[in-house]
Amino acid sequence: MHKNLRYCMKFFDIFQALATGVGRLRGLSLLIALALLCAHAQAWGQTAEGAPLTDLPRAALVIGGRSVEVQVAATPEARQTGLMFRASLPEDEGMIFVHDSLRVRCMWMQNTLVPLTAAFLDENGSILGFADMEPLNTQSHCSPGPAAFVLEMNRGWFARHGVVAGQRIDLTGIGARP
């Protein structure tokens, strides 16, 4: 049973006991409100526990002479979920996190099942540095300087293709920053 549902069932029992002491109509109102709250909590918990983002906009980038397809995470919700809950990631696919300001960016791997390498990019697409990240790990990996973009690919992808810090990635395919 889903943990949110278990909590709702406990609260339901408590409210039911309280409702008998406050009158039938008021008690019924409390129970209906609790049922609606529990239904929302159940749906909210399921969405947060395992649904990968698959409907984000896509863009084509050329990195080190190689074409890759990336999903564009340009909203706070998309950036928060990122590549979580995916069982795999095709070799030449990734996700680019688009931010509206230039600052140090930190990434982690909570609920992320695939080992990744993050490339931190400045506003012009120049690579500031990389971070290899382990699955299901909440350790923060931060950019070595102010970054406007973070590009995540399968771990080791950049090294396998000779992509190094200082190299520039043409970001015209992803459109304007928010």
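Our subject is the structure listed above.
Every value quoted in this text rests on a predicted model; they were computed, and no experiment measured them. (Residues numbered from 1 in each chain as written. Predicted model: local features only at pLDDT ≥ 70, side-chain atom pairs only at ≥ 80, totals over all residues. Heavy atoms only, no water.)

Colleague: In this structure, what is going on with the pairing of strand β5 (residues 116-121)? I would like to understand it.
Modeller: Burial of β5 is extensive: six of the six residues sit out of reach of the surface. Side chains of β5 alternate between two faces, with Leu 116, Ala 118 and Phe 120 and Thr 117, Ala 119 and Leu 121 buried alike. Taken together, the six bridges between β5 and strand β6 (residues 127-133) define a ladder with antiparallel strand orientation. Bridge assignment links Ala 118 to a residue of β6, and that residue is Ala 131. Between β5 and β6, which pair antiparallel one after the other, the connecting turn spans five residues, and Gly 125 there sits at a positive phi close to 90 degrees. Bridge analysis of β5 against strand β8 (residues 147-154) gives six bridges, and the strand direction is antiparallel. Each bridged residue has a counterpart across the sheet, and for Thr 117 the counterpart in β8 is Met 153. (Buried < 20%, exposed > 50% of the residue type's maximum accessible area, 1.4 Å probe, protein only. Helix = DSSP H or I, 4+ residues; strand = E, 2+ residues; numbered from the N terminus. Pairing = 2+ DSSP bridges.)

Colleague: Which parts of the structure should I look at to understand the state of the cysteines?
Modeller: Each disulfide consists of one covalent bond between the sulfur atoms belonging to two cysteines. For the structure on display, the rule yields one disulfide. Linked covalently through their sulfurs, Cys 106 and Cys 142 form a disulfide whose S-S length is 1.9 Å. Note on the Cys 106 and Cys 142 pair: the S-S dihedral is about 105 degrees, so by sign convention the disulfide is right-handed. Note that Cys 106 is positioned in strand β4 (residues 106-107) and Cys 142 in strand β7 (residues 141-142), a separation of 36 residues in sequence. Classification of Cys 106 by relative accessible area gives partly exposed; the value is 42%. (Disulfide = S-S within 2.5 Å.)

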